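Commentary on secondary and tertiary structure
So the chains spell out like this:
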Amino acid sequence: MKHTVLVTGATAGFGEATARRFLAEGHQVIALGRRVERLEALKTSLPPEQQKQLLTLAVDVCDSEKVDDLAATLPIEFAGVTVLVNNAGLALGLEPAQKAFLSDWDRMIDTNIKGLVHMTRAFLPGMVERQCGHVINLGSVAASYPYPGGNVYGGTKAFVQQFSLNLRADLIGTPVRVTCVEPGMCSGTEFSNVRFKGDDDKASKVYSGVKALSADDVAEAIYWSANLPSHMNINLVELMPVQQAFSAFQIHRG
Ligand code: NDP
Ligand code: 8X3
């Protein structure tokens, strides 16, 4: 089927790669992000036929009034979203909890939790009414595996995982699907540049010597989940680079 896919955070990283992937396969895409110039650059970089399939909207997912009205204000040819990709999100800082900035914690909670929840609440009723829809949430391996400095970021992604599973419980009896995609280390996006607040040197060192996942790899998992036969629901997709694995518990011996 031809989808109308709304992707939040489509100005960079996974969101942009996901928008491009769906457009290349002939689907319609509504691309959201705050940076208008990036949305314009995405549009002008596309071949003319794909430009017609794309609607760009400068929206901050933390602007709850705008988000709550979004579904009702879409142009008719883009109304009836069939796939909502809740991708906009961020990590800020890697300080231990006792040293972290409350303003960073607030922003992660506002974006990764409240933004995602408001977007979902805005589009879910239409999906249920039309008996067609799929919510794909971007979680993280940080939801399941704690690491030093992950504190609130990991907490927000644990919320995303559990919210996704609970949505499935509520949507039983409808054909609406819910998937949580949980990537591990991924390079080539702005994730670490944002986490380290513009210290690009520190950001690039995170991926030194590792063949990390790419944004296209994650877009592939999203595209796959959305295009399986309609009776199949992928609950969780956890993916990591081969060069990433788990470490042992830390023991502090006094
Ligand atoms: P990027 O920083 O490359 O992209 C984040 C996107 O989110 C940008 O398009 C940004 O656009 C948008 N965004 C951020 N805040 C807002 C907001 N308030 N309103 C609207 N859009 C917003 O990150 P990634 O692509 O790497 O990450 C995407 C998602 O995947 C995030 O949820 C992240 O937590 C998760 N993730 C990332 C991993 C990684 O290693 N990269 C691994 C696992 C999960 P703009 O600034 O224009 O608004
Ligand atoms: C992003 C991956 O390991 O930096 O969610 O938390 S990690």
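Description of the structure in this document.

Cut-offs and rules
Residues numbered from 1 in each chain as written. Chains lettered and ligands numbered in written order. Predicted model: local features only at pLDDT ≥ 70, side-chain atom pairs only at ≥ 80, totals over all residues. Heavy atoms only, no water. Helix = DSSP H or I, 4+ residues; strand = E, 2+ residues; numbered from the N terminus. Rg over C-alpha atoms; globule rule 2.2 N^0.38 Å. Buried < 20%, exposed > 50% of the residue type's maximum accessible area, 1.4 Å probe, protein only. Contact = heavy atoms within 4.5 Å. Areas by Shrake-Rupley, 256 points an atom, 1.4 Å probe, with all protein chains shown as cover. Lys, Arg positive; Asp, Glu negative; His and termini not counted. Charge placed at Lys NZ, Arg CZ, Asp CG, Glu CD. Salt bridge = Lys/Arg side-chain N within 4 Å of Asp/Glu carboxyl O. Pairing = 2+ DSSP bridges. Axes fitted to C-alpha atoms, helices over the stretch in contact; angles between N-to-C directions. Polar contact = N/O pair within 3.5 Å; in protein donor to acceptor, adjacent residues only side chain to side chain. Core = buried A, V, L, I, M, F, W, Y, C linked by side-chain atoms within 4.5 Å. Phe/Tyr/Trp six-rings, centres within 6.5 Å; stacked < 30°, edge-to-face > 60°. Near = heavy atom within 4 Å. Nonpolar A, V, L, I, M, F, W, Y, C, P; charged D, E, K, R; others polar.

1. Considerations on the overall build of the protein chain
- Check the secondary structure of the protein chain and you find nine helices and seven strands.
- Computed over its C-alpha atoms, the radius of gyration of the protein chain comes to 18 Å, within 12% of the 18 Å expected for a compact globule of 254 residues.
- Across the 254 residues of the protein chain, 46% fall into the buried class.
- Partitioning the intrachain contacts of the protein chain with sequence separation of at least 6 by distance along the chain shows that 74% fall at a separation of at least 24.
- Carbon and sulfur atoms form 55% of the exposed surface of the protein chain, whose accessible area is close to 12800 Å².
- Charge-centre separation for the protein chain: the mean point of 23 positive side chains lies 3 Å from the mean point of 26 negative side chains.

2. Points about the pattern of salt bridges
- Applying the stated criterion to the full structure yields seven salt bridges.
- Close ionic contact of Arg35 with Glu190 constitutes a salt bridge, the shortest N to O distance being 3.0 Å. With Arg35 in the loop between strand E2 (28-33) and helix H2 (36-44) and Glu190 in the loop between strand E6 (177-183) and helix H7 (191-195), this pair connects stretches of sequence that are 155 residues apart.
- On the basis of relative accessibility, which here comes to 25%, the residue Glu190 falls in the partly exposed class.
- Among the salt bridges present, the one from Lys205 reaches Asp201, with a minimum N-O distance of 3.3 Å. Of this pair, Lys205 and Asp201 both sit in helix H8 (residues 200-205), four residues apart, which is roughly one turn of that helix.
- According to the relative accessible area criterion, Lys205 is exposed, its value standing at 58%.
- On the accessibility criterion, Asp201 (52% relative accessible area) is exposed.

3. What about the sheet that holds strand E5 (residues 134-138)?
- Pairing within the open sheet is parallel, and its seven strands lie in the order E3-E2-E1-E4-E5-E6-E7. The open sheet has two edge strands with one neighbour each: strand E3 (54-58) and strand E7 (236-239). Across the sheet, the axes of successive neighbouring strands diverge by a mean angle of 15°, strand direction being ignored.
- Of the strand pairs in this sheet, E2 and E3 are connected by five bridges, and their pairing is parallel.

4. Quick look at the environment of Thr11
- Its place among the elements puts Thr11 in the loop between strand E1 (4-8) and helix H1 (13-24).
- With sequence-adjacent residues up to four places away left out, Thr11 is seen in contact with Glu16, Leu32, Gly33, Arg35, Arg38 and Leu39.
- Side chain to side chain, Thr11 and Arg35 meet in a polar contact 3.4 Å long.

5. Examining the nonpolar core
- Among the nonpolar cores identified, the biggest contains 32 residues, and Val29, Val85, Val181 and Ile222 are the most heavily contacted of them.
- Secondary structure elements with two or more residues in this core: E1, H1, E2, H2, strand E4 (83-86), E5, helix H9 (215-226) and E7.
- It is H9 that provides the largest number of residues to this core, a total of seven residues.
- Here Val85 is in contact with Val5, Leu6, Val7, Thr8, Thr18, Ile136, Leu138 and Ile222, once residues within four sequence places are set aside.

6. Focus: the packing of aromatic side chains
- For the structure on display, the rule yields four aromatic pairs.
- The interplanar angle of 55° and the centroid separation of 4.8 Å between the aromatic rings of Phe22 and Tyr223 together place this pair among those described as tilted. Here Phe22 is found in helix H1, whereas its partner Tyr223 is found in helix H9, with 201 residues between them in sequence. In this pair, the class of Phe22 matches that of Tyr223, namely buried.
- Consider the rings of Phe159 and Phe163, whose centres lie 5.5 Å apart with planes at 15°: the pair is stacked.

7. Description of the site of ligand 1
- Ligand 1 sits among 28 residues. The nearest are Thr11, Arg34, Tyr153, Thr189 and Glu190.
- The separation between an oxygen atom of ligand 1 and a polar side-chain atom of Tyr153 is 2.6 Å.
- A breakdown of the residues in the shell around ligand 1 according to their chemical character gives twelve nonpolar, eleven polar and five charged.

8. Here we look at the site of ligand 2
- By nearness alone, every residue bordering ligand 2 is listed as Ser140, Ala142, Tyr147, Tyr153, Phe191 and Arg195.
- Tyr147 is positioned such that a nitrogen or oxygen atom in its side chain is 2.6 Å from an oxygen atom of ligand 2.
- Contacts to ligand 2 include Tyr153, whose side-chain N or O atom sits 2.6 Å from an oxygen atom.
- A total of 240 Å² of accessible area belongs to ligand 2 in isolation, and the protein chains cover 81% of it.
- Of the residues belonging to the shell around ligand 2, the class tally is four nonpolar, one polar and one charged.

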